Amino acid sequence: MPAFGLGTWRSEPNKVTEAVECALSNGYIHLDCAAVYNNEHEVGEGIARALQAGKINRDKLWVTSKLWCTKFRPEDVKPALQRTLNDLRLDYVDQYLPHWPCPMAPTDVYSDPMPKDEHGVIRVADVALTDMWRAMEKLVDEGLVKTLGMSNFNIEETKLILDNCDIPPVVDQVECHPLFPQHALRDFLKSENIELVAYSPLGNVNTDGPTALTDPLICDLGNKYSKSPAQICLRWNLQRGVIVIPKSVTPSRVVENSKVFDLQLSADDMARINNLSEHEGRGRRQINPDFRPGGAKVFKD
């Protein structure tokens, strides 16, 4: 699995196609997508243009997509993937992930992705994660999916899948950046031969507080190494063995984000970033939706 890719979450409509085409024309071979982003048709157009122009071959391309929470019933899993494949204009995806470990009442992903009751609370579904996983395993058996992984699963939920699967997950995709480094989860996943994939690796989803891109240490290191703060954040994760999928629809930033393989952070600087969240009081999770029963947050921390 490529260690560096292009994320497509929160990518503005009518800009994703250009971003994908730009990425695939500038050395990217890894795209991260999801049905609930409601832009896989634009991603598919970008892929088609790059393939037609000879910028990349399908067998060199790695495409990840995600099963949305309203499609966790076993009978809904394959139709959900088939819609994704149609939108992406592909015969298979290289990786498929349940998007959150939070089964929701069945609805259309594109018109009603967040089914809520009269109190504004997410309506959950009585679907076992293990039953959903077994349905996903059948997609691998049919050649529609090459590998399986998870997204936003905690350690206990990961153990549940590992104890009840025939095809084990190869990744867990979670929020991970210098202000939320996920040290404990990373160590656990490594012990199980599961890769950690960092979404929001720049730590700039919410701007109502500290962000990794504006942190004084990250900015100082950017000046030291003649790199942008974004490049420092990405290189830090790469050096600790974490896969990164930064999002951008600006062509210049798509290219700039990938220019991190000529950079080597020193051991001391890696340690300073590793300790940034815990020892300097700057740590913060930015993404924690209320998808659990009763409107509880997904994560307790």
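Shown above is the structure to which this text applies.
Heads up: these notes are all about the structure in this document. (Residues numbered from 1 in each chain as written. Predicted model: local features only at pLDDT ≥ 70, side-chain atom pairs only at ≥ 80, totals over all residues. Heavy atoms only, no water.)

Moving on, we get to the overall build of the chain. In terms of helices and strands, the chain carries 11 helices and 9 strands. Whereas a compact globule of 301 residues would reach a radius of gyration of roughly 19 Å, the chain reaches 19 Å, a difference of no more than 12%. Across its three principal axes, the chain shows a C-alpha extent of roughly 55 × 45 × 40 Å. The 301 residues of the chain split such that 55% are buried. Relative to all contacts within the chain whose residues are 6 or more apart in sequence, the contacts with residues 24 or more apart total 74%. For the chain, the exposed area adds up to about 13,100 Å²; of that, 46% sits on carbon and sulfur atoms. Both charge centroids of the chain, one from 34 positive and one from 42 negative side chains, sit 4 Å from each other. (Helix = DSSP H or I, 4+ residues; strand = E, 2+ residues; numbered from the N terminus. Rg over C-alpha atoms; globule rule 2.2 N^0.38 Å. Buried < 20%, exposed > 50% of the residue type's maximum accessible area, 1.4 Å probe, protein only. Contact = heavy atoms within 4.5 Å. Areas by Shrake-Rupley, 256 points an atom, 1.4 Å probe, with all protein chains shown as cover. Lys, Arg positive; Asp, Glu negative; His and termini not counted. Charge placed at Lys NZ, Arg CZ, Asp CG, Glu CD.)

Next up on the list: the sheet that holds strand E8 (residues 195-199). Taken together, the 4 strands give an open sheet; going across it, the order is E6-E7-E8-E9, and neighbouring strands pair in parallel fashion. Each having just a single partner strand, strand E6 (150-151) and strand E9 (243-244) make up the two edges of the open sheet. Bridge count between strand E7 (residues 171-175) and E8: 5 bridges; the pairing is parallel. Across the sheet, the residue bridging to aspartate 172 is leucine 196, located in E8. (Pairing = 2+ DSSP bridges.)

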